[in-house]
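Residue strings, one per chain:
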Amino acid sequence: MPLDADSELTDEALLALFAGGNRAAARVLTLRLTPRVLSLAGRMLGDRSEAEDVAQEAMLRLWKIAPDWRAGEAQVSTWLYRVASNLCTDRLRRRRGVGLDDAFGEGVEPEDEQPGAEARLQEADRMAALKSALAELPERQRTAVVLRHLEGLSNPEIAAVMEIGVEAVESLTARGKRALASLLKGRRAELGLSDDG
Amino acid sequence: MTAEFDKHSERELDALLESLREDTAQDASPDLLARVLADAYEAQDGMAAAMPEEPVVAVPAPRSRGLLRSLLDAIGGWPAVAGLATATVAGVWIGYNPPTAFDDLTLSVLDSNYGYEMNIGDSLPAFDDLQADG
């Protein structure tokens, strides 16, 4: 069966083909799902190398569960997001064990000290500060904020990923954003935020 | 928590998060895709190896079919046998005690009743002659 990355087959149908030994289905699923898992992991962890490890591990779990996948019970992407976010949470907890500063450092050390790079540096600082603030959020708040505001999932989708109700998602994202604002408050100058907020 | 977390701050935060969203968008490297695909193929190979051999199911030997069973199957089973028996009995009865309607029919068509009188002996050579001729 000719398959390509734009195949109109659902993830679930492809997974069934995969379980039957179809190599093309393996390729399509890899190309379709790996970038999404990597993106989530990268945003939750803030570390490319770790994110790649998480993406590979999450995909490996998908491959292993494929023969036992029960059709119609869950969306493959939702299941995958859940596995990836749990893997990220585990890593974040381990990091907290060794201390935030060890794990993240104090923002991103600028590699380029040339004056011409000042604007880029400021932007990098803003992003670094925001990443740092995100990293300080409790895991579930961070997961909800990342899924909602960085991955662009809807609240019902996040509810399915996190296995909680939609209202709980709304509460988590709202609390997460308030906490982010609070954490960033002391860095307004660094982030270029207005002072009258 | 923060009374000052008003709409203005929220808009700023949303804008920051949007920037972060664009900043952190990343493509999967060919190396990562290759590793994931290698895992996939390995998992598929593992699944194929783990599959049980073709299940050995004892196929019961076909029982020898009796003559009666074969005959019954050939004519359509016991219902057909019942029909045959009925037809046979009816034929015997009609032969033994023909309905008068038969007489009426044959008389009108043949100008005779259904009893044929054939003098077979006249149309056949005598048995003795056959013997004599060898």
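What this report covers is the structure whose coordinates are included nearby. Computed from a predicted structure; not experimentally measured.

This next bit is on the overall build of chain A. Per the secondary structure count, chain A includes 10 helices and zero strands. A burial count over chain A gives 47% of its 197 residues as buried.

Another point: the packing of helix H2 (residues 23–45) of chain A against helix H3 (residues 48–65) of chain A. Residue and element names in this part refer to chain A. Axis separation between H2 and H3 bottoms out at 8 Å; the angle between their running directions is 135°. Here H3 runs oblique to H2, going by the angle between their axes. As H2 packs across H3, the resulting crossing turns out to be right-handed. Only Arg 48, Glu 50, Ala 51, Glu 52, Val 54, Ala 55, Ala 58, Met 59, Leu 62 and Trp 63 of H3 make contact with H2, whose side of the interface consists of Ala 26, Leu 29, Thr 30, Leu 33, Thr 34, Val 37, Leu 38, Ala 41, Gly 42 and Leu 45.

Below, the discussion takes up the interface of chain A and chain B. Contacts between chain A and chain B engage 48 residues on the former and 35 residues on the latter. In total, chain A and chain B occlude about 3800 Å² of area from one another, counting both sides; carbon and sulfur atoms represent 62% of this. It is Arg 23, Gln 56 and Lys 177 of chain A that lose the most area in chain A upon contact with chain B, and together they represent 15% of the buried surface on that side. At the boundary of chain A with chain B, the tally comes to three salt bridges. The residue Arg 23 of chain A makes a salt bridge to Asp 45 of chain B at a minimum N-O spacing of 3.0 Å. Where chain A meets chain B, there are 15 residue pairs in polar contact (both at pLDDT 80 or more). Looking at the side of chain A that touches chain B element by element, the count peaks at 10 residues for H2 of chain A.

As a further point, take the pattern of salt bridges. All told, the structure shown has 12 salt bridges over all chains when counted by the stated rule. We note a salt bridge from Lys 177 of chain A to Asp 14 of chain B, for which the minimum N-O separation is 2.6 Å. You can see Lys 177 of chain A sitting in helix H9 (residues 166–185) and its partner Asp 14 of chain B sitting in helix H1 (residues 7–23), one on each of two chains. With its nearest N and O atoms 3.4 Å apart, the salt bridge here joins Asp 31 of chain B to Arg 35 of chain B. Separated by four residues within a single helix, Asp 31 of chain B and Arg 35 of chain B lie in helix H2 (residues 30–50), roughly one turn from each other. With a relative accessible area of 25%, Arg 35 of chain B lands in the partly exposed category. Through salt bridges with shared partners, one network takes in Arg 48 and Glu 52 of chain A together with Asp 31 and Arg 35 of chain B.

A few words now on helix H1 (residues 11–19) of chain A. Residue and element names in this part refer to chain A. Within H1 the residues assigned to the buried category are Asp 11, Leu 14, Leu 15, Phe 18 and Ala 19. Considered in projection along H1, the buried side chains sweep an arc of 140° and stay on one side of the axis. With its phi angle positive at about 95°, Gly 21 sits one or two positions after the end of H1.

Moving on, we come to the packing of aromatic side chains. For the structure on display, the rule yields two aromatic pairs over all chains. A centroid spacing of 5.8 Å and a plane angle of 85° characterise the contact between Trp 69 of chain A and Trp 79 of chain A, whose relative ring orientation is edge-to-face. One end of the pair, Trp 69 of chain A, is in the loop between H3 and helix H4 (76–98); the other, Trp 79 of chain A, is in helix H4, and 10 residues separate them in sequence. In this pair, the class of Trp 69 of chain A matches that of Trp 79 of chain A, namely buried. Of note, Arg 23 of chain A hangs over the ring of Tyr 41 of chain B, and the distance from its end group to the ring centre comes to 4.3 Å.

Left-over empty space is what a probe sized like a water molecule reveals as it rolls over the atoms. Residues and elements named next belong to chain A. Summed over all chains, the structure comprises four cavities of 30 Å³ or more. Considered as a void within the structure, the largest cavity measures approximately 80 Å³ in volume. Along its surface, the largest cavity is lined by 12 residues, and Gly 42, Arg 43, Gly 46, Lys 131 and Leu 134 are the ones closest to its centre. Looking at the lining of the largest cavity, the elements that each hand over two or more residues are H2, helix H6 (118–136) and helix H7 (139–150). The leading source of residues in the lining of the largest cavity is H2, at four residues.

Criteria and thresholds
Residues numbered from 1 in each chain as written. Chains lettered and ligands numbered in written order. Predicted model: local features only at pLDDT ≥ 70, side-chain atom pairs only at ≥ 80, totals over all residues. Heavy atoms only, no water. Helix = DSSP H or I, 4+ residues; strand = E, 2+ residues; numbered from the N terminus. Buried < 20%, exposed > 50% of the residue type's maximum accessible area, 1.4 Å probe, protein only. Axes fitted to C-alpha atoms, helices over the stretch in contact; angles between N-to-C directions. Parallel < 35°, antiparallel > 145°, perpendicular 65-115°, else oblique. Left-handed = near helix turned anticlockwise from the far one by under 90°. Contact = heavy atoms within 4.5 Å. Buried area = accessible area lost by both parts, 1.4 Å probe. Salt bridge = Lys/Arg side-chain N within 4 Å of Asp/Glu carboxyl O. Polar contact = N/O pair within 3.5 Å; in protein donor to acceptor, adjacent residues only side chain to side chain. Arc of directions from axis to C-beta. Phe/Tyr/Trp six-rings, centres within 6.5 Å; stacked < 30°, edge-to-face > 60°. Lys NZ or Arg CZ within 6 Å of the ring centre and 35° of its normal. 1 Å grid on protein atoms, 1.4 Å probe; cavity = no way out; pocket = protein on both sides within 12 Å on 5 of 7 lines; lining within 4 Å. Points joined across faces, edges and corners; volume = space filled by probe spheres on them.

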